[in-house]
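Okay, here's what each chain looks like letter by letter:
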Amino acid sequence: LNAELMLNRFEHPYLGDLDNIGGYADIKYSFATRWWGAIRLDALSFSDLQSPESEGAKWDYPITRIELGLGRRLSERALIKGVAQIIRYSDAPAALDGEVFALQLTVDL
């Protein structure tokens, strides 16, 4: 199990302080011989703009991602894994949401 929390502040001359908070947590579990599964959750949220024209708008869309993976070590020098990532934004156009699927073969030469 791994986790991390991040707090950031950017000073902007016209928009005030631009803050964000983010983090992730992931866990990997080995089962059977040479097999493993993993899940990761990460999120990033942004503060409101401080300018009078912004009317409390955020300086970027909050995002949440969930990633699931399954892998198998084929030998000491090769592994294969499949990953699915689900991406969701809050208060944003639905067209930004999406899913990513990947299949990877890694060989150490």
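Here the structure is shown first, and the text comes after it.
Residues numbered from 1 in each chain as written. Predicted model: local features only at pLDDT ≥ 70, side-chain atom pairs only at ≥ 80, totals over all residues. Heavy atoms only, no water.

### Looking at the pattern of salt bridges
For step 1, the next point in the chain: If you walk through the whole model with that rule in mind, you get 6 salt bridges.
For step 2, the next point in the chain: Here Asp42 ties to Arg40 by a salt bridge, and the two come within 3.8 Å at their closest N and O atoms.
For step 3, the next point in the chain: Here Glu99 makes a salt bridge to Arg88, at a shortest N to O gap of 2.7 Å. Of this pair, Glu99 sits in strand 6 (residues 98-107) while Arg88 sits in strand 5 (residues 78-89), and the two are 11 residues apart along the sequence.
For step 4, the next point in the chain: The partly exposed category is assigned to Glu99, whose relative accessible area is 43%.
For step 5, the next point in the chain: What makes Arg88 partly exposed here is its relative accessible area of 35%.
For step 6, the next point in the chain: When salt bridges with common partners are traced through the structure, they connect Asp26, Arg40, Asp42 and Arg65 into a single cluster. (Salt bridge = Lys/Arg side-chain N within 4 Å of Asp/Glu carboxyl O. Helix = DSSP H or I, 4+ residues; strand = E, 2+ residues; numbered from the N terminus. Buried < 20%, exposed > 50% of the residue type's maximum accessible area, 1.4 Å probe, protein only.)

### Concerning unusual backbone geometry
For step 1, the next point in the chain: Phi at Arg34 takes a positive value of approximately 75 degrees, unusual for a residue other than glycine.
For step 2, the next point in the chain: Secondary-structure assignment places Arg34 in the loop between strand 2 (16-31) and strand 3 (35-46).
For step 3, the next point in the chain: Relative accessible area serves as the criterion here: at 43%, Arg34 is assigned to the partly exposed category.
For step 4, the next point in the chain: A positive phi angle, close to 55 degrees, is found at Asp91, a residue other than glycine.
For step 5, the next point in the chain: The residue Asp91 is located in the loop between strand 5 and strand 6 in this model.
For step 6, the next point in the chain: The exposure class of Asp91 is exposed, given its relative accessible area of 71%.

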